[in-house]
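Here are the chains, one letter per residue:
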Number of protein chains: 2
Amino acid sequence: MDYTRNVPVQRIIDGRRKDDTEVVAREFPLTIMLNSRELNTMLCSPDELENLTVGFLVSEGVLKTRQDIKSVTADERKRTVNVETAEGLKLPLKRQGGRLIASGGGRGVSLYNAEDIKRQPKIESELSISSATILALAAEFQRRSEVFQNTGGVHSAALCQGGQILLFKEDIGRHNAVDKILGQCMMEDISTRDRIIMTSGRVSSEILLKVSRRGIPILISRSAPTDMGVELAEALGMTLVGFARGERMNLYANAWRVTTTEDD
Amino acid sequence: MDYTRNVPVQRIIDGRRKDDTEVVAREFPLTIMLNSRELNTMLCSPDELENLTVGFLVSEGVLKTRQDIKSVTADERKRTVNVETAEGLKLPLKRQGGRLIASGGGRGVSLYNAEDIKRQPKIESELSISSATILALAAEFQRRSEVFQNTGGVHSAALCQGGQILLFKEDIGRHNAVDKILGQCMMEDISTRDRIIMTSGRVSSEILLKVSRRGIPILISRSAPTDMGVELAEALGMTLVGFARGERMNLYANAWRVTTTEDD
């Protein structure tokens, strides 16, 4: 399914009207089903629905490994993706009325007490990256994002290794773009260890927790982090880079993983 | 409470490190209580918690008029705002397990079927605005937003009348900035009829529905709408202006409310 479409617009340029068409991002309500029971409805860009769903379930702590999944079935007409889990898998879900809720989930809000965060293992990776490589990645990331940043206000996310972009995703939701990456990694056994996530969007606590859960040691954003994003990165041993663009960047936490020519 | 704070950063500029401080937006988990029962926890910028809470309840269809509210009490330490409603008020809520859910709510997702939208009255306002006034408003809006757009990735929203900005709000959430406006309007009996909402963020279906529920006839964004945002604006009789900046803008729906010098 295309994730943009053309709509008629009237443009006003220097006070003059002109009928034209414009590309807009599509917005698709997707219902995630787990073992044929409704779990959540979210708004997303309608591509890679399977990766998005698996990534969402990974981020919510419902799925841990590829072996947890028996099948993933998207139905575009019904706007659903159903994930059947492996037999005997104990799901970290609680029932609330007719609804299932991931017990560690609630979009991260439940994780905001210090106890829960202490339980999460600190990221131990010895990975390092030079500031020059970060800026080269940021420039390539920006080049790939530009079309849809201009037309649709879409967010991008990438999985990188060294100076290379391995996976690149877009979605109207910041969270969803990252979930599409995490979902594909799980479906195709692509390692996230010692790799890097890049995002166009703000780094809130929710994005930080999502990425840290997969043991990813470096998170780079073109934008700003929030204060909680910074605190969590510090506590969880993650390197957090913000405003990576042009010839500069800010290192908000665990700066030791970023090297410069000065260090030689 | 301040909605930004300073954090230490290491800046890398042209390959050279420098220790410094940077302003980041605070992220605050706020729990909304209705008659002392927990309704929802959201992440927000920690200012105007009362306006945000009332606006959220207005947007979810729980509160309709100022008379529905008996009291609004914020507790910053517990991170809660409790709204006590007028005695005898029938609340459009359903219970799901231990949790209360606004029956028209679910952050708008439940509203995406044609039946629900048909029930909403079409906006009948005869208000019009010139393209020159829109661009003047957009320039003033941008001027006020700039500090925090640069530092914190914060979204802005404004209530306007003619060429004047009446209320201006900021929040890490697009939705929250608009809710803070709608909340203050209800608390202080500020009319939204024949007025204009301006937003820095993307116009998704959820923002569109929120604004249309208050009968606001014109919505202006610096950014793009989604396809559902455009469809809903058309169906609900709302004028939707996107990419309003510099000397240009796009009219996506009900363009007749925007006049140009050509029309004279």
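The structure presented is a predicted model; accordingly, all values stated were derived computationally and were not measured.

(A) Representation of the overall build of chain A within the structure. Along the backbone of chain A there are six helices and 16 strands. Going through the 264 residues of chain A one by one, you find that 60% of them count as buried.

(B) Here's a closer look at the interface of chain B and chain A. With 58 residues of chain B at the contact, the number on the chain A side is 57 residues. Regarding the contact of chain B and chain A, the summed buried area is about 4800 Å², with carbon and sulfur atoms giving 50% of it. Inspection of the region where chain B meets chain A yields six salt bridges. The salt bridge partner of Asp227(A) is Arg26(B), with a shortest N-O separation of 3.9 Å. One can count 28 residue pairs in polar contact (both at pLDDT 80 or more) joining chain B with chain A. The biggest single contributor to the side of chain B that touches chain A is strand S1 (residues 4–13) of chain B, with eight residues. Taken together, the residues of the side of chain B that touches chain A break down into 22 nonpolar, 19 polar and 17 charged. With four bridges joining them, strand S1 (residues 4–13) of chain A and strand S15 (residues 248–253) of chain B adopt antiparallel strand pairing. Following the sheet pairing, Arg11(A) is matched in S15(B) by Asn250(B).

(C) Fine view of the packing of aromatic side chains. Residue and element names in this part refer to chain A. Within this structure, the stated rule accounts for two aromatic pairs over all chains. Their ring planes at 75° and their centres at 5.6 Å tell us that Phe141 and Phe168 sit as a pair that is edge-to-face. Placement of the pair is Phe141 in helix H3 (residues 131–151) and Phe168 in strand S11 (residues 164–171), with a sequence separation of 27 residues. Across the pair, Phe168 and Phe141 agree in class, each one buried.

(D) Representation of the relation of the copies chain B and chain A in the model. Rotating chain B by 180° about the axis while translating it 0.0 Å along that axis superimposes it on chain A, leaving an RMSD of 0.0 Å. This pairing of chains is accounted for by a two-fold axis. Most of the interface of chain B is mirrored in chain A: 98% of its interface residues are interface residues there too.

(E) Broad picture of helix H6 (residues 227–236) of chain B. Residues and elements named next belong to chain B. Burial analysis of H6 places seven of its ten residues in the buried class, the great majority of the element. Turning to H6, its buried residues are Asp227, Met228, Gly229, Val230, Leu232, Ala233 and Leu236. Directly after H6, the chain includes Gly237, whose backbone phi takes a positive value near 75°.

(F) Layout of the sheet that holds strand S6 (residues 80–85) of chain A. All names here are of chain A. Read across the sheet, four strands follow the order S4-S3-S6-S5 without closing on themselves; strand pairing throughout is mixed. Strand pairing shows two members of the sheet lacking a second neighbour, strand S4 (37–44) and strand S5 (69–75), which therefore form its edges. Neighbour-to-neighbour, the strand axes of this sheet turn through a mean angle of 20°, independent of strand direction. Two elements, strand S3 (residues 28–34) and S4, share seven bridges in a ladder whose sense is antiparallel. Bridge pairing links Phe28 to Cys44 in S4.

(G) Up close: the side chain of Gln184(A). Residue and element names in this part refer to chain A. Among the structural elements, Gln184 can be located in helix H4 (residues 174–187). On the accessibility criterion, Gln184 (11% relative accessible area) is buried. Those residues in contact with Gln184, other than ones at most four positions away along the chain, are Glu48, Asn51, Leu167, Lys169 and Ile190.

(H) Structural context of the sheet that holds strand S4 (residues 37–44) of chain B. Residue and element names in this part refer to chain B. Taken in spatial order, the four strands of this open sheet run S4-S3-S6-S5, and their pairing is mixed. Each of the sheet's edge strands pairs with one partner strand only, and the pair in question is S4 and strand S5 (69–75). Sheet twist, expressed as the mean angle between neighbouring strand axes with direction ignored, is 20°.

(I) Focus on the pairing of S1(A). Residues and elements named next belong to chain A. Relative to strand S2 (residues 16–25), S1 runs antiparallel, the two being bridged by ten bridges. Within S2, the residue paired with Gln10 across the bridge is Asp19. Taking the residues that link successive antiparallel strands as the turn, the S1-S2 hairpin has two residues, and the phi of Asp14 there is positive, at about 50°.

(J) Quick look at the environment of Ala86(B). By secondary structure assignment, the location of Ala86(B) is in the loop between strand S6 (80–85) and strand S7 (93–96). Taking the C-alpha atoms as reference, Ala86(B) lies 9.7 Å from Asn35(B); in sequence the two are 51 residues apart.

(K) Layout of the environment of Leu127(B). All names here are of chain B. For Leu127, the location among the structural elements is in the loop between helix H2 (114–119) and strand S9 (129–130). Along the chain, Leu127 and Ser156 lie 29 residues apart, while their C-alpha atoms are 23 Å from each other. The residues touching Leu127, leaving out its near neighbours within four places in the chain, are Asp194, Arg195, Ile196, Pro217, Ile218, Trp256 and Arg257.

(L) Up close: the packing of helix H1 (residues 49–59) of chain B against helix H4 (residues 174–187) of chain B. Residues and elements named next belong to chain B. At a closest axis distance of 6 Å, the pairing of H1 and H4 adopts a crossing angle of 95°. In terms of axis orientation, H1 runs roughly perpendicular to H4. Contact with H1, carried on its side by Asn51, Leu52, Val54, Gly55, Phe56, Val58 and Ser59, involves Asn176, Asp179, Lys180, Leu182, Gly183, Gln184, Met186 and Met187 of H4 and no other residues of that element.

(M) Molecular detail of the pairing of S3(A). All names here are of chain A. S3 sits mainly inside the fold: seven of its seven residues count as buried. Taking every second residue as pointing to the same face, both faces of S3 are buried, with Phe28, Leu30, Ile32 and Leu34 on one and Pro29, Thr31 and Met33 on the other. A loop of two residues connects S3 with S4, the two strands running antiparallel in sequence, and Asn35 in this loop sits at a positive phi of about 50°. Here S3 runs beside S6; their pairing, made up of four bridges, is parallel. Bridge assignment links Leu34 to a residue of S6, and that residue is Val83.

(N) Representation of the pattern of salt bridges in the model. Scanning all chains against the criterion turns up 26 salt bridges over all chains. Measuring nitrogen to oxygen at the nearest pair gives 2.8 Å for the salt bridge that ties Lys180(A) to Asp171(A). Each member of the pair Lys180(A) and Asp171(A) is classed as buried. When salt bridges with common partners are traced through the structure, they connect Arg5(A), Arg26(A), Asp227(B) and Glu231(B) into a single cluster.

(O) A look at the environment of Gln142(B). All names here are of chain B. By the secondary structure assignment, Gln142 is in helix H3 (residues 131–151). The buried category is assigned to Gln142, whose relative accessible area is 14%. Once the C-alpha coordinates of Gln142 and Val23 are considered, the two residues, 119 residues apart in sequence, prove to be 19 Å apart.

Each value, and the rule that gives it
Residues numbered from 1 in each chain as written. Chains lettered and ligands numbered in written order. Predicted model: local features only at pLDDT ≥ 70, side-chain atom pairs only at ≥ 80, totals over all residues. Heavy atoms only, no water. Helix = DSSP H or I, 4+ residues; strand = E, 2+ residues; numbered from the N terminus. Buried < 20%, exposed > 50% of the residue type's maximum accessible area, 1.4 Å probe, protein only. Contact = heavy atoms within 4.5 Å. Buried area = accessible area lost by both parts, 1.4 Å probe. Salt bridge = Lys/Arg side-chain N within 4 Å of Asp/Glu carboxyl O. Polar contact = N/O pair within 3.5 Å; in protein donor to acceptor, adjacent residues only side chain to side chain. Nonpolar A, V, L, I, M, F, W, Y, C, P; charged D, E, K, R; others polar. Pairing = 2+ DSSP bridges. Phe/Tyr/Trp six-rings, centres within 6.5 Å; stacked < 30°, edge-to-face > 60°. Least-squares fit on C-alpha atoms with pLDDT ≥ 70 in both. Axes fitted to C-alpha atoms, helices over the stretch in contact; angles between N-to-C directions. Parallel < 35°, antiparallel > 145°, perpendicular 65-115°, else oblique.

The values are spatial; any link to function lies outside them.
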